[in-house]
Every structure is written in structure tokens, then in C-alpha cells.
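Understanding the architecture of this molecule
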Amino acid sequence: MLFDPKPKERREDLFDRDDELNRLKAGLNYPVILLLGIRRSGKSSLVKVLMNEMKDVIWIYLDLRKYEGYTYITYKYLLSEFERALNTWPKFLRELLRGIRGVVISGSGFEVRLSWGRDRVELADLFDRLSSIGEREGRRVVIVFDESQELRKLKGFNILYPLAYAYDNLRLSFIFTGSQIGMVYRFLRLKDPNSPLFGRAMFEVRVNPFTREQSIEFLKTGFREVGISVNDGVLESVYDELGGIPGWLTYYGFNYLQFNNHEEAIKRTLEYAVQLVRQEFENFLRGREEARERYYAIMGLCKSGCRWSDVKRILEAREGYRVDDKKITELLQNLVDASFLIKEGDIYRPSDPLITKAF
Ligand SMILES: Nc1ncnc2c1ncn2[C@@H]1O[C@H](COP(=O)(O)OP(=O)(O)OP(=O)(O)O)[C@@H](O)[C@H]1O
Ligand SMILES: [Mg+2]
């Protein structure tokens, strides 16, 4: 059902993403695939449909979204995510993990435990084994890091080394999704000559919001599924209010079905969106508290478009003294890299029309 607010898992429930799915499938022949799109554009849905369709792949899916509000994450957290994912494997595959240092397989259920203490599991060892399991089974092993920009927060451990090792030597693929698009690049440091992944080519798939036509067709299809017909004028006004982000359109449809009322559905969607965007902005501010007021001022200013010089002027007027040019650029770049703002020419504006409503 199109208006189901959970990420979709089956192709029948996924509206108009055949191109993206086909590109992802082609990408699985490469070591690293980046799946990038702003929040609620449908990345997790694409990955889940792909996982359901590609039965000849052995999947490891790690959902890092829960670390969004953390200022840092440790190696232990990362291993616990791997442990959770490996325990969803069938028994006969789990058994093939025996003998890796730090891996314990216990009980009749072959439960996998990854130690993180003195005898900790090294990711390079784990990747080595995953690659040979794939070869032995004649199936590719694909590791998905959903919301991979959270890996930037790993403290005391550089995951780029085992990733580079796997890239160069193993038969594994990695999918990195990210809704904070610039932060994914910052994490991978592809252009930094000192980075282990320097210069490695990656296969990139973008997930864009729906166009006006797609959005209206999406809504029509969703309503048709449940035998409701809504006139085109109403559907046009949904797009005018909410834009083309699949997540908001889905939530609108979900509410319409509940209250059988367009205005109520719009109202609820806007309320929910504002709440969620604010929460996400608060998460962004963790660890950046000293610039909190400045970030709010910038978002308030840029909600209907702004230039670098506007930001400079406003901040200096608010604070009553000169603010360094480099600082202005850095603040704006952080907002762009976290995908709260996008830059078009020399204008900065919100990446999602509903971000505008939150500030
Ligand atoms: N192509 C699509 N067809 C139908 N529903 C979709 C589609 N894309 C996304 N959705 C719906 O939109 C919402 C957000 O999708 P999803 O969680 O897959 O996006 P995401 O990009 O992973 O978002 P987030 O950034 O919040 O993780 C879900 O309710 C999902 O069902
Ligand atoms: Mg997601």
C-alpha cells in the first residue's frame, strides 16, 4: 500500500523508482555504491526492496539512524550492529563464521557474539571471512550502512582502513546511504590524499524528490488503491503545500485515509514535519552548541533564500562585532553538508520546503 508510512519492502509498493533500482543493481558489481538523497526521499525503501529482490545476495543491513542524536559512537556500538545483522542470517551461514578471532558461536541456535574487549574482532578479519563465504556460496556479500554519515562519529577507530582493505582485496560490496549528503563525502574523505580511500571510484545513485507530475500521480495511485477519487485541484494543492518528498506525501495520504479530510491531513502533516525537522536540527546541533544561536539565525534568514553576504551582515548586526569570513563560510558549509540548505548559484535555500516552515 502506497500510503503505508513504513519504508516499503516490496516493488509493488514502490512508486516510480525503477530507474534507481536498476542502477543500484548495476552498482552491485562495484565495491562501493553511494545511495544519496535528502531525508524521506526513499533511500531505505529502495534498499529494502533491493534486498527482497536480490535473493542471490547475502545481505548485512546496518541501520545507523539511531545514532543521529549521539555526539560520538564507539567500536563496541559498531560491532553490536554487525552482531545483530549477522544473527538474522540462516544457521548454516552463521556457522561459517567460526574461527574468526573474537567471534563466539554458541548454543544450538548458533548465536553469534562479537567480542569488543581485549580479544576484539577486527573488521578486516570479519570482512576477509565474509568475502570467502561469498565465494564459497557463489553469492555476493553486500554490507549496507544505512545513514552512513553517522560513521563519522566513530571515536578511537578508523573504519576507513578496513574499508580500503576490502575495496582493494576482497569480493564484497558496500552500500552507503546518506541523507546528509555532504557529510557522507566528509566521512569517506575521497579527495584527501592522506585518507585510506583516497581516489577510489564509487558508484553513485541519487534519489530525488518527485516532480509535480510524479507527486500527483503518486497521490492518485495511492487513492485509487483504496477506491477513493480525489479531484485534481486538491492534488495540485497538496504538492503546492508539501512539495515532492515521498515521505511527506505518504504521510499526507495516510492521514487523509484516517480522517477522510484534506485540510486535516495537511495540518497534521505540517505539524509532524515541523516537529521532525526541529528534532533533526537539534541533533545536528549536538556538539555544536557554541554556535547554536548562529545556526538558528542563519536558518531563519535563509528560509526563503539568502546569500553569503546576507548571512555575514545579519550575524554581525546581531552580535555587534565583526565575524570572520571563514567562520561564515564554515557555518553555511555545515548546513549544506547536513542537507538543511542547498546552494544554487550563490543562493542558499532549504533543501525541503517543509524545512522553511520549521524556522
Ligand atoms: N517510491 C516510493 N513509493 C512509495 N512510498 C515511498 C517511496 N519512497 C518513499 N516512500 C515512503 O516515504 C517514507 C520515507 O521513505 P524511506 O524511509 O524509505 O526514506 P529515507 O530516504 O530512507 O528516509 P530517512 O532519511 O528518513 O531515512 C516512507 O513512508 C516510505 O514508505
Ligand atoms: Mg532511511
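Residues numbered from 1 in each chain as written. Chains lettered and ligands numbered in written order. Predicted model: local features only at pLDDT ≥ 70, side-chain atom pairs only at ≥ 80, totals over all residues. Heavy atoms only, no water.

In the annotation of an unreviewed UniProt entry, the entry for the chain reads ATPase, and the organism field reads Vulcanisaeta moutnovskia.

Here's the deal with the overall build of the chain
Basically, it comes down to this: Strands here are runs of E lasting at least two residues and helices are runs of H or I lasting at least four, both read from the DSSP assignment and numbered beginning at the N terminus. In this treatment the radius of gyration is a C-alpha quantity, and the globule benchmark scales as 2.2 Å times the residue count to the 0.38 power. Exposure categories follow from relative accessible area, calculated using a 1.4 Å probe and restricted to protein chains: below 20% of the type maximum is buried, above 50% is exposed, and the middle band is partly exposed. Contacts between residues were defined by any pair of non-hydrogen atoms, one from each residue, lying within 4.5 Å. Accessible surface area values rest on a Shrake-Rupley calculation with a 1.4 Å probe, where residue burial reflects the displayed protein chains alone. When charges are tallied, Lys and Arg are placed among the positive residues and Asp and Glu among the negative ones, while His and the ends of the chain are skipped. Every charge is mapped onto a representative atom, which is NZ of Lys, CZ of Arg, CG of Asp or CD of Glu.
Helices and strands together make up the secondary structure of the chain, namely 15 helices and nine strands. Taken against the 2.2 N^0.38 rule, which gives 21 Å for 359 residues, the C-alpha radius of gyration of the chain at 22 Å falls within 12% of a compact globule. For the chain, the C-alpha atoms occupy an extent of roughly 60 × 60 × 35 Å along the three principal directions. With 359 residues in all, the chain has 50% of them scored as buried. A separation of at least 24 residues holds for 71% of the contacts in the chain among residues at least 6 apart in sequence. Taken as a whole, the chain presents about 16700 Å² of accessible surface, with 48% of it coming from carbon and sulfur. Side-chain charges in the chain split into 57 positive and 53 negative, and the spacing between the mean points of these groups amounts to 4 Å.

A closer look at the side chain of Asn-283
Here Asn-283 lies in helix 11 (residues 262–285). Given a relative accessible area of 12%, Asn-283 falls into the buried group. Those residues within four positions of Asn-283 in sequence are excluded, and the remaining contacts are Glu-68 and Gly-69.

Observations concerning the pairing of strand 1 (residues 32–36)
So the rule is basically this: Strands are labelled as partners when DSSP assigns at least two bridges between them.
Extensive coverage of strand 1 is indicated by the burial of five of its five residues. What you see with strand 1 is no split at all: Val-32, Leu-34 and Leu-36 on one side and Ile-33 and Leu-35 on the other are buried throughout. Note: strand 1 against strand 6 (residues 172–178), five bridges, orientation parallel. Considered in strand 6, the bridge of Leu-34 is made with Phe-176.

Here's the deal with the site of ligand 1
Counted only if it meets this: Any residue with at least one heavy atom within 4 Å of a molecule or strand is counted as near it. We call two N or O atoms a polar contact when they sit within 3.5 Å, provided that within protein one can donate a hydrogen and the other can accept it, with sequence-adjacent residues counted only if both atoms are side-chain atoms. Gly is placed with the polar residues, together with every amino acid not listed as nonpolar (Ala, Val, Leu, Ile, Met, Phe, Trp, Tyr, Cys and Pro) or charged (Asp, Glu, Lys and Arg). Source of the domain bounds: an automatic or database domain assignment.
Surrounding ligand 1, one finds 25 residues, the nearest of these being Pro-5, Lys-6, Lys-8, Lys-43 and Ser-45. At 2.8 Å from an oxygen atom of ligand 1 is found a side-chain nitrogen or oxygen belonging to Ser-44. One of the side-chain N or O atoms of Glu-147 is found 3.3 Å from an oxygen atom in ligand 1. Relative to its unbound accessible area of 630 Å², ligand 1 is 93% covered by the protein chains. Of all the elements in the fold, those that place two or more residues in the shell around ligand 1 are helix 2 (43–53) and helix 10 (246–259). Per-class residue counts for the shell around ligand 1 are eight nonpolar, seven polar and ten charged. Residue contributions to the shell around ligand 1 reach at least three from each of two domains, namely domain 1 (17–206) and domain 2 (212–280).

Focus on the domain arrangement of the chain
Note the cut-off: Summed over both partners, buried area is the accessible surface (1.4 Å probe) that two parts give up on being assembled. Any Lys or Arg side-chain nitrogen located within 4 Å of an Asp or Glu carboxyl oxygen qualifies as a salt bridge.
When the domains of the chain are assigned, the result is domain 1 (17–206), domain 2 (212–280) and domain 3 (289–358). With centres defined by C-alpha atoms, the gap from domain 2 to domain 3 works out at 29 Å. The partner domain 3 presents seven residues to the eleven residues of domain 2 that form the contact. For the pair domain 2 and domain 3, the summed buried area comes to about 800 Å², and 71% of that belongs to carbon and sulfur atoms. For the pair domain 2 and domain 3, the interface holds zero salt bridges. In this assembly, domain 2 and domain 3 are joined by two residue pairs in polar contact (both at pLDDT 80 or more).

Quick notes on helix 3 (residues 75–86)
Selection rule: Multiplying 1.5 Å by the residue count of a helix minus one yields the expected span of that helix. As used here, the arc belongs to the directions running from the helix axis to the C-beta atoms.
Between its terminal C-alpha atoms helix 3 stretches 16 Å, which fits the 16 Å expected from twelve residues at 1.5 Å a residue. Those residues of helix 3 that fall on the buried side of the exposure criterion are Tyr-75, Leu-78, Leu-79, Glu-81, Phe-82, Ala-85 and Leu-86. The buried residues of helix 3 all sit within an arc of 155° when viewed along its axis, so they share a single face. Buried-residue contacts for helix 3 involve strand 2 (57–63), helix 4 (91–95), strand 4 (111–114), helix 5 (123–137) and strand 5 (140–146).

Notes on the UniProt feature "domain: MCM C-terminal" (unreviewed entry) in the chain
What counts is decided by this rule: UniProt positions are given in the numbering used here, feature names are shortened, and annotations may be inferred rather than shown by experiment.
Mapped onto this numbering, the UniProt entry gives "domain: MCM C-terminal" (unreviewed entry) at residues 289–351. Between the C-alpha atoms that bound residues 289–351 there is a distance of 23 Å. The span itself is 57% helix and 13% strand.

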